[in-house]
Amino acid sequence: MKKKAILPIVLAVLVAGVLLYHIVPRSFSQIMKESVDTDPAGVEVIDVLIIPLDHEPDASSEREPGISYTLTKGDPAFQDLMDLLSSRRYAPLLGRPEVQYICIDGQVTLSFDGAACLTFSGDRELRLYSSKHERYIRTGGNGEAFQQEILDLLLDAAARHEAAA
């Protein structure tokens, strides 16, 4: 009789453990390794693409829509970005959100060594993907403010890159 009573308890503990594993927030390093097989500590180059929402190309504009540049490991903005990304915990989501809202001043795509990408636009979910994997994650706290902080850092770095060129 005791063996029959223990089996449901063991199953409940296993199911709870599996569910907990899938919803517990992780560090940036953990989520990158698990989701897209990329170790942020080994990243040497980050390609940045920012597509401003208010940019309307016209005949008089010579500038291409969007801002694109590369950060390398020796660039102070590279370390600032990695520190900022590492300052939060990320919860993996099961499935894909139905609607993505754009709540900040643009859409940002970060490509880590060309192997993994992180895309966000102020919505609660961030898209983390590579050629083999795709996962949506959510940051703790105010995700929109956090993403705007990243965007501001990247826009400042873009201005410095443009001034240095």
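Residues numbered from 1 in each chain as written. Predicted model: local features only at pLDDT ≥ 70, side-chain atom pairs only at ≥ 80, totals over all residues. Heavy atoms only, no water.

(A) Structural context of the sheet that holds strand S6 (residues 116-120). In spatial order, the strands read S1-S4-S8-S7-S6-S5-S2-S3; together these eight strands make up an open sheet with antiparallel pairing. Either end of the sheet is taken by a strand with one partner, and the two such strands are strand S1 (26-27) and strand S3 (67-72). Both strand S2 (residues 45-52) and S3 contribute to a ladder of six bridges, which runs antiparallel. The residue bridging Val48 from the neighbouring strand is Tyr69, located in S3. (Pairing = 2+ DSSP bridges. Helix = DSSP H or I, 4+ residues; strand = E, 2+ residues; numbered from the N terminus.)

(B) Quick peek at the nonpolar core. Counting 34 residues, the largest nonpolar core has Ile46, Leu71, Leu110, Phe112, Leu118 and Leu154 as its most contacted members. Within the residue set of this core, elements represented by two or more residues are helix H2 (28-36), S2, S3, helix H3 (76-86), strand S5 (106-112), S6, strand S7 (125-130) and helix H4 (143-164). Among the elements that line this core, the one with the most residues is H4, at seven residues. (Core = buried A, V, L, I, M, F, W, Y, C linked by side-chain atoms within 4.5 Å. Buried < 20%, exposed > 50% of the residue type's maximum accessible area, 1.4 Å probe, protein only.)

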